[in-house]
Every structure is written in structure tokens, then in C-alpha cells.
2 protein chains.
Amino acid sequence: MSSMNKLSATIRTFHSSAARFKKNVEFTAVRYPYLKRGNYSFLSDRHLGFFQSILSPHQVLTDEFNDLSGYNVDWMHSVRGSSRLVLRPKTTEEVGAILQYCNAQNIAVCPQGGNTGLVGGSVPVFDEVIMSLGLMDAVISVDELSGIAIVQAGCVLEKLETILHLNNLTLPLDLGAKGSCQIGGNVATNAGGIRLLRYGNLHGSVLGLTAVLANGQIMDCLSTNKKDNTGYDLKQLFIGSEGTLGVVTQVALHCPSKPTSVQVGFFGINSFDNVLETLRLSKQNLGEILSSCELIDASSWNCVTSLLKLKSPVNYFPFYILLETSGSNADHDAEKLNSLLEMLLKNGTIVDGTIAVDSTQATSLWALRERIAEALASEGYVYKYDVSVPIRQFYQLVDVMRARLEKLPIRCCGYGHLGDGNLHLNITSQEYSSELLNKIEPFVYDWVSRQRGSVSAEHGLGLKKRDYIEYTKSPTSVHWMRRMKKLFDPNNILNPYKIFPGTLNE
Amino acid sequence: MSSMNKLSATIRTFHSSAARFKKNVEFTAVRYPYLKRGNYSFLSDRHLGFFQSILSPHQVLTDEFNDLSGYNVDWMHSVRGSSRLVLRPKTTEEVGAILQYCNAQNIAVCPQGGNTGLVGGSVPVFDEVIMSLGLMDAVISVDELSGIAIVQAGCVLEKLETILHLNNLTLPLDLGAKGSCQIGGNVATNAGGIRLLRYGNLHGSVLGLTAVLANGQIMDCLSTNKKDNTGYDLKQLFIGSEGTLGVVTQVALHCPSKPTSVQVGFFGINSFDNVLETLRLSKQNLGEILSSCELIDASSWNCVTSLLKLKSPVNYFPFYILLETSGSNADHDAEKLNSLLEMLLKNGTIVDGTIAVDSTQATSLWALRERIAEALASEGYVYKYDVSVPIRQFYQLVDVMRARLEKLPIRCCGYGHLGDGNLHLNITSQEYSSELLNKIEPFVYDWVSRQRGSVSAEHGLGLKKRDYIEYTKSPTSVHWMRRMKKLFDPNNILNPYKIFPGTLNE
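Here the structure is a predicted model, which means the values were calculated and not measured.

This next bit is on the relation of the copies chain A and chain B. For the match of chain A to chain B, the screw axis carries a shift of 0.0 Å, the RMSD comes to 0.0 Å, and the turn is 180°. What the rotation and shift describe, once combined, is the action of a two-fold rotation axis. Considering only C-alpha atoms, the residue of chain A closest to the rotation axis is Gly 204 of chain A, which sits at 2.1 Å. Counting the interface residues of chain A, we find that 100% of their copies in chain B are interface residues as well, pointing to one common contact surface.

Another aspect to go through is the interface of chain A and chain B. Counting residues at the interface gives 91 residues for chain A, matched by 92 residues for chain B. For the pairing of chain A and chain B, the buried interface totals around 7200 Å² over both sides, and the portion due to carbon and sulfur atoms is 52%. When residues of chain A are sorted by the area they lose upon contact with chain B, Leu 145, Lys 227 and Tyr 232 of chain A head the list and together hold 15% of the total. Connecting chain A to chain B are eight salt bridges. Note that Lys 227 of chain B is salt-bridged to Glu 458 of chain A, the shortest N-O span being 2.9 Å. In this structure, the connection of chain A to chain B is made through 50 residue pairs in polar contact (both at pLDDT 80 or more). Breaking the side of chain A that touches chain B down by element, the ones donating at least two residues are α8 (196-199), α9 (202-205), β8 (218-221), α10 (235-238), α11 (272-286), α13 (330-346) and α19 (475-488) of chain A.

On to a negative patch on the surface. Taken together, the side chains of Asp 331 and Glu 335 of chain A together with Asp 331 and Glu 335 of chain B make up a negatively charged region of the molecular surface. For the negative patch, the elements supplying multiple residues, two or more each, are α13 of chain A together with α13 (330-346) of chain B. On the basis of relative accessible area, Glu 335 of chain B is assigned to the partly exposed category, the value being 47%.

A separate point is the environment of Arg 280 of chain B. Residue and element names in this part refer to chain B. If you trace the backbone, Arg 280 turns up in helix α11 (residues 272-286). On a C-alpha basis, the gap between Arg 280 and Gly 419 in space is 9.5 Å, while along the polypeptide they are 139 residues apart. Within the structure, Arg 280 has its side chain in polar contact with the side chain of Glu 277 (distance 3.0 Å).

Attention now goes to empty space enclosed by the protein. Residue and element names in this part refer to chain B. Evaluated as defined, the whole model comprises two cavities of 30 Å³ or more. One number sums up the size of the largest cavity: a volume of about 70 Å³. Around the largest cavity, the lining residues are Arg 37, Tyr 40, Ser 41, Phe 42, Leu 43, Ile 107, Ala 108, Phe 126, Asp 127, Glu 128, Val 129 and Tyr 497. Here the lining of the largest cavity is composed, by residue class, of eight nonpolar, one polar and three charged. Its residues placed into classes, the lining of the second largest cavity shows five nonpolar, four polar and no charged.

Glancing now at helix α14 (residues 359-370) of chain A. All names here are of chain A. Over its 12 residues, α14 runs 15 Å from end to end, which matches the ideal 16 Å to within 8%, given 1.5 Å per residue. Of all the positions in α14, only Ala 362, Thr 363, Leu 365, Trp 366, Ala 367, Leu 368, Arg 369 and Glu 370 are classed as buried. N-capping of α14 is provided by Asp 358, with a side-chain oxygen placed 3.2 Å from the backbone N of Thr 360.

So, about the confidence of the model for chain A. Regions with low pLDDT carry predicted coordinates that are not meant to be interpreted in detail. The pLDDT averaged across chain A works out to 93; a share of 95% of its residues lies at or above 70. Low confidence marks residues 1-22 of chain A, where pLDDT is under 50. Its contacts with residues over four positions away, or in another chain, come to 48 contacts.

Turning to the pattern of salt bridges, a few remarks are in order. Residues and elements named next belong to chain B. The tally for this structure, following the rule as stated, stands at 41 salt bridges over all chains. Residue Lys 336 is joined to Glu 288 by a salt bridge in which the shortest nitrogen-to-oxygen separation is 4.0 Å. Separated by 48 residues along the polypeptide, Lys 336 in helix α13 and Glu 288 in the loop between α11 and β11 (290-297) bring together distant segments of the chain. The class for Lys 336 is buried, based on a relative accessible area of 3%. Judged by relative accessible area, Glu 288 falls into the buried class, the value being 9%.

This paragraph deals with unusual backbone geometry. With an omega of 0°, the peptide bond between Glu 441 of chain A and Pro 442 of chain A qualifies as cis. Looking at where Pro 442 of chain A falls in the secondary structure, it is placed in the loop between α17 (434-440) and α18 (443-450). Positive phi, normally seen in glycine, also occurs at Glu 406 of chain A, with a value near 50°. Position of Glu 406 of chain A among the secondary structure elements: in the loop between α16 (396-405) and β15 (411-417). What makes Glu 406 of chain A exposed here is its relative accessible area of 65%. Phi is positive for Asn 190 of chain B, close to 50°, though the residue is something other than glycine. Summarising the element assignment, Asn 190 of chain B is placed in the loop between α7 (183-188) and α8 (196-199). Judged by relative accessible area, which is 11%, Asn 190 of chain B ranks as buried.

Before going further, it helps to examine the pairing of strand β7 (residues 206-212) of chain A. Residue and element names in this part refer to chain A. Within β7, seven of the seven residues are buried, leaving the element largely enclosed by the surrounding structure. In terms of strand pairing, β7 meets strand β9 (residues 247-254) through six bridges, oriented antiparallel. The partner of Leu 209 across the bridge, within β9, is Val 251. Relative to β8, β7 is paired through four bridges, and the arrangement is antiparallel. The partner of Leu 209 across the bridge, within β8, is Cys 221.

Attention now goes to the sheet that holds strand β5 (residues 139-143) of chain B. Residues and elements named next belong to chain B. On the basis of which strands lie adjacent, the open sheet formed by five strands has the order β5-β6-β9-β7-β8 and antiparallel pairing. Where the open sheet ends on each side, the last strands, each with one partner, are β5 and β8 (218-221). When the angles between neighbouring strand axes are averaged without regard to direction, this sheet yields 10°. With four bridges connecting them, β5 and strand β6 (residues 148-152) associate as antiparallel partners. Note on β6: the bridge partner recorded for Val 142 is Ala 149. Packed onto the sheet, helix α6 (residues 157-166) meets β5, β6 and β9 (247-254) and runs at close to 35° relative to β5.

Conventions used here
- Residues numbered from 1 in each chain as written.
- Chains lettered and ligands numbered in written order.
- Predicted model: local features only at pLDDT ≥ 70, side-chain atom pairs only at ≥ 80, totals over all residues.
- Heavy atoms only, no water.
- Least-squares fit on C-alpha atoms with pLDDT ≥ 70 in both.
- Contact = heavy atoms within 4.5 Å.
- Buried area = accessible area lost by both parts, 1.4 Å probe.
- Salt bridge = Lys/Arg side-chain N within 4 Å of Asp/Glu carboxyl O.
- Polar contact = N/O pair within 3.5 Å; in protein donor to acceptor, adjacent residues only side chain to side chain.
- Helix = DSSP H or I, 4+ residues; strand = E, 2+ residues; numbered from the N terminus.
- Patch = residues over 30% accessible without salt bridge, like charges linked within 9 Å, V, L, I, M, F, W, Y side chains within 5 Å.
- Areas by Shrake-Rupley, 256 points an atom, 1.4 Å probe, with all protein chains shown as cover.
- Lys, Arg positive; Asp, Glu negative; His and termini not counted.
- Charge placed at Lys NZ, Arg CZ, Asp CG, Glu CD.
- Buried < 20%, exposed > 50% of the residue type's maximum accessible area, 1.4 Å probe, protein only.
- 1 Å grid on protein atoms, 1.4 Å probe; cavity = no way out; pocket = protein on both sides within 12 Å on 5 of 7 lines; lining within 4 Å.
- Points joined across faces, edges and corners; volume = space filled by probe spheres on them.
- Nonpolar A, V, L, I, M, F, W, Y, C, P; charged D, E, K, R; others polar.
- Expected span 1.5 Å × (residues − 1).
- pLDDT = per-residue confidence, 0-100.
- Pairing = 2+ DSSP bridges.
- Axes fitted to C-alpha atoms, helices over the stretch in contact; angles between N-to-C directions.

Here it is in C-alpha cells:
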């Protein structure tokens, strides 16, 4: 979707401005004073000498102001580490040599992909050595017939997509950050995005991967077999483990055929019951070509239309749905979408609706959904919650929070991946307020927990959400996660302070 | 697909005949004399008394001839255990109490679903206690809108499918054994089948599950969230672990909308190059509605048409492809498939072809593919290999084996899930011959290994293929699998002798 380039550009802008604003970003260690640095080695000249002996000069960055600031700060300027060293390996073997040494020397390591995360998972908390995968950006092979691509972890998603399109294939995932995020980071964080409804999640799409363990051992799970039942599927462990069990260096991905026809519809809807009915009828009538079903509430719509001056094809409604279809026959797809639109209008499920006639219009419609985050950010401080809830309770949380917070915030709004039950609850205020935060948390997590939802649907836990893990995962699960971590990384050198609350020795 | 009922019926027949034939089935311990019983407790009256104290009489089976024989023997009559006890828990808690006791008493346990496996994974090797999940067969909930079903592990796949169809949903997996196999066993063995091409594998479709660990601890991962990134996705460990890490007791499954239109085409093809071209053009032109692409070679076709007297709509060809589409608009789907057929005939990619005009014809076409196994079995002993290979080498293995085996077997044929790169290589002889076996193995595994294929695409390792794990998995992977096993089941009470070669203490 070329429509997404705008958001990608936004993230790039944030990114490049990180250096300029670095002095304004508070150190994580200051903002979160209860965090204690682990008992890791401090970086010495001897350590540096070792890394310089195995890597080329451009693979070892130490200039704090010119080199490191972009790696120490996240793109939202919400967390800031104080690493003094960025290592940029070019091969799996180099990653292995680095980790073997760090493990032996008790040096903590923060693996970093495109650094587009939202939970502070990809930047150091203290002085962890940053391992950036950015130089490992080769697309190793693409096979159109089998629909299989093998790629190095540092490859930017958009670059991979461009190459796949040349081979009549497409990516099974798509997200706003695709201009910056890297496939290895996507796998490590189990990135979701707007195509999950159609192509499923990365646990199904990743055919194989290579990961380097904390001790430097190379785990070769780089299968390209769509079916392989020979023992435990260990690669699954690394998908979504946020760099805490190993560093993903190569990925084999199942890539679907590129759709030749993409259509976008935008509907105005009077009630949430009708939102659900629209979803139900869309699934029934669009069937296999439905590729996105996104909800935008009136408040999000107001924000993006008024603050960013985006034009909307339909006027004010309590809810909007953006539907996307992707298929292999434009006539068939148009017939399906048009007859759905007719049916929805006729039976009163939707009140107004439009279908994009060309890709420019489609891009404009997508902008109404994709630039909401940007519009919200312009209001000041944004409290962002990315939760999964049962579909019938999808919007209830927004109502509950509005009633609870009353006039405290500027705005409390909800939008997101309706088809996947994934709500983005956003609350804005002029600046960060601990009073407001304490009104929101942990209440919001508790509410989600009572619905058996997920307190982090697609953004992961990282640093910012680690304390809320038990609102979604059972104590037994967390216990066994800790045991897995201990098994794979006994010295806890890989991305410490992330995912698990407290210290791992608790 | 009602077409599959025939094979299901076949499996049921095999099943019910197991009791009759039990005296003819050699004990596994005799057929594989190198296997040594682990140092487990022998079942005592005290043990039995405990189980009888926590379960009802019909949940504790001990009558060797009337009760146990069907559980001790697989449906192919290829392995036979000597268990003296079958336990049939009705709840997760009962599974927990049983395992806690077995773990404390050092009693080995063989979990068993529908017992339809092909690798001897679901029956005991020695006298392991059999834990049958068959009484846990409730469909707990089905939600049409979100497409989510929660079901107990012992529910037979066909029963679940029937209930889903009533809710306009369908299963993301389908296999010949669906009349007997159970969803828990499907998950534990990561069952593949004929819809994987369309709906992906169980690692993507299983949203959550409950598993009971060896120590009786209940691991609640029964999420129904389509997106949940809150730490490690532990449920993935149990998918495909063949009951060696825990016993799956409940499953939450993502279920797609039920297609309203299903079409089947059957094509005769002159060369394997044209088989690949047919696949390529089918993917390109049928796109999102392609749901199966199955290959049948001339020898398999001969067998099923001559021995089972099945009629074929096209005459003799070196290769046949069966295509299935599933979609939401019969007119659109028919137009797509018809224009594909026209194109393939016109450009000479296929020489003859037909499209079923009704479901009776579709069932007949599917029978040509699905009853091959039955036809082969009627020739005598069948050496079955279920492998994944890169798509361009898909049929090469059959040619290689024919050249190698010359006149030794009756037949050497290949068929299977072309679209997934999953070949079923079958070799028949009048009776079991170790000379023939030694000509086949380990050569066939070595060949697959050199293509980086999988020596068990969808059937698992169980007992029969455990010694070949390293032909597909790297030594590092196997090492870490052993460590995982040790972590989750330190006493190795869960399904011992399976998956891992040698003993786990090696």
C-alpha cells in the first residue's frame, strides 16, 4: 500500500530528529528510578579492543553525540539509554562471536532492529551494548513458485516488499513503520499490523529462522519447508521473545501471491451494534478477499480531520469502518464490494459510504486511519494502549475510560484492527501527568484482564509494559517463561530489564 | 468435504478390526528388540487403587482383551504396546491429578487421541499407562462473529466441523482421518492435511490451549485473542511435541468463514515441468480461492483405478493434478476456474481436464486422491514416506528410488500436497522385507536431507522416525530440544521412547 508511505515518512522524521532532541529526552534510569542496573561488567578498553579486533571500523560506533544518540533513544522520545557502544555485525557468525564474548565477559546486550517499537524494548535501559542488525540487510533469495523468501534480519520491510512485488509476491504483514522497521525486529516482536486478518500471524508465516543464543551458539532453524513435523518447533520461541532468548539473524518467510486488485471502502455508522453487523456481513460477503477491517471512532476522526486537515468522504458519524479487499480479479472484487455496500445501505447497517475509484483515493482513505497516531501526537502527551478484547466488548473500554476520566484528558478515543479484536485506546493531555496516568493504570489493564483480553496485542511488553504481564498471562505461564529465559540465557545478558517484571532472580 | 467420509470410514474399519486382529500384531518390544524399557514403576494394585479412587469405573479400563487391545495397537497394525491400564479423564483437573501421581510414582504415560497416527506415536511401546482423551469431547463455545471455537481435546474433528458449519464457520484443517482423529491429537502432532495451502498451519490457527505438564501443573494458555504479544508464546511448544512436553486438554481455534462455493478440477499432464507450470498459473489465476493442489502420479492413479475400480474422468497420463477452490461466490469461482482450465488447455500445459459439475462428481474426483493409501495397502506391505522437498525436486525422489530399487518392490509411487511441497512416497511389496527396507533407508532420508527437506512433513516422528531426526534438524536444535524436554519433564514420564533417538540420558 503506497498509502503507508506517509506514516513511514513520519517515523523517519521522528527518527532523524532524535539526534537534535536528544538533550530533551530524559534518561530511562532517571524517569524510572526504581530500575537498578544489573551486576554487569562496565565497558572497558579491553572489551572495545576485542570488538575492534573482530569487526571493521564502521561496524564499531563509539561517538556519543554523532553516532550513538539515534540508537540510545526511541522514535517517540520516551526512553533513553546511555550505551557507549554500538556494534553492527554483518554475518550470523559475527553475531555469534560478539555474544560468545559478551556472555563470557558478563556484558549486557540490547539487540536493535529498526528501533520503531512503542514499549521501550529496542533501546538500552542503562549502558547495555547495542547490537544493531542494520548492516545485515540482504535479501538472500526469493522464489515466486513456492512463495518463499530468505532474508537477513536487518532488511527493512519496505525494501523486502518492493523486491517481493517484482516477483509477484507480497508480504504476509504490513505496518505503518515499514519504511524503517526490519524483518528481524518484526519477527522478534511478533509484529501484527493491518494484514493479519487476511494472512494470519508470524507464527504461521515464518517458515524458519537462524538465531544466535546468548552463549554465541548458532541455532539453525532456517527451514524453508511449509510442513515439517520433526520434533519441537524451536523457532517459535524466538518469535515474540523481544530479543531476550536469542538474536534473530535470518528469516525464511512464506509470502502469498501479490493481489492484483486492491479496493478500499469507507463507511459511516450510527451505532456500535451496526459496526459489528458490518463486520459480520463483510466477512460473510467478501469472504476470502477481505484484507482489512479497521474501526475509527468519531473522536479519532475529528482529530485526524481537524488537526491534519484531512478530507473525509463522509460526514460526522459516531463510527467509521475502513474496509480493504485484496484479490486476483478486479471485476469480481468490485462486484463483491459494491453489492456489500448496497446491502449495508439498504438494510440501514451503514448510513453513508464510499468506495475509492483509484489508488489516490484509496491512499486518502487509508490516511484517515493511518495518520491518527500522528494527529494525536500533535495534541501533546499521548497515553497509548494497544489491547485485545473480545469483539463484543471492543468499544466498551473507550466508554468506560471516558466516564472514569471525565474532563481530565483532552481526548479519549479508540480505533484499530476491529477484525482482529485489537483496539488502540489513546488518551491525550497537554503534557505528561502522573495524576492522569494513575487514573488510567492499572485500571485499564485490570479491565482488559477481566475480559480475558491482552494488555499488549501487537506492541509487546518491552520495558514499559513488563509490570503488567500477569494481567494477561497466568502465573504458571510467567513462571515457565522465567525458566525458559534461565535455560537459554542463564547470565541474563540478552535485552535485560525487558518483558519480565522485577529482576529475573526474584 | 463429504468426499472424505470414505477414508474416515476406512480408518474406522481398520480401527474396529484392531481387536479382531490383535493376536497377529507383533509387540513393538519384539519387532524393535533394541528398545529397552525405562526404569519406570510397574503398575501395582496400589496404583490402580489410587486411579479408581479419583475416577469413575468407566474411566478406568483394565480388561486386556475386551478393553485394552484397541488402545494398545495402532490402526495400521504396525505397533503394539502391552499397557494394562487405560485412564479416561473427563476434565483438565483429572488429567492434572493423574499426571501429578504418575510423576511422583515414576509411572510412564502415553497420551492418546484418536490413535490415527502413522508413526507409532500414540500407542505405548511397553507398558506405559494410556491416557485416552476421548471422554473430553465437548465443544465449549463457538462464536460466528469472531470465528473462534473453544473445544476439549478429545473432540473428534468431524464432529467439530459439523458444529462449525452450523455456525457458518469451517475448520482451518482437514484430513482423511477426521472421522476418528481428535483435535487435541491434531494439535499435539501439528497435523497438516489438505487445507494448509489455504489456511496455514496450526501454529497460526491455534489461538490458545490448556496443557497439563508432567508434574500435573495446569498451564493455562487458553487465550482467545488473535493478537497477544505479552511474552513468550508458550502454547507453541505443545503444538507438534507429540505429547512429550504436556497433555493438551483444551484448544481455542481460529475458524475461517465457511466457503459457500467449492469446486474441484482434475487435470491430466504430460510432464513434471508442466505440473509446476500448472501450479504457478493456478496460484496466479485462482489466487485467494485456491484451497488444494494435489499431485497424483500415473502409478498411484493406476493403483486406485485398477485395484479399487474407481473411474477416472481422464485417461492415462504421467501426472494428474486435483485442484480445489473454496470461495464465497459460486459464479466468480466458476469463472476463475473455467478460464484457468481454458488457458491451461490452450497453451498445452495440460492435455485433458474436467471440472466437477456437482458435489457427487467432486466426491468421485477426491476419491481418486484420497483412496490411494487404501489401494496401496491392498497390495501387501507399504513403506510410507511423508517428506517435504523443494518444489522443483518434488518428484525427483520418486524417480531416484525407482532407479535404485529396480524390480524389488511391486510399486514405487508418489502423490501428495504439491502446493505445500509435501510428497507422499510409497513403496509396496507383497510382505515386509528387510532387504528392501535397507535399500530404502536411510538412503531416502539422506536424499531428503541433502535437499534441506523434512523427513517427516506432517506425520511426526513418534517411534518409527525418531532415529532420523538429525536428517532434518540441526544437532544444535536437537540438543536444545533435549534440554526443553528435560526442563518440562525431568523424569521423562510423558510419552517416552518417542521423538528422541536413544535414551534421553545419553
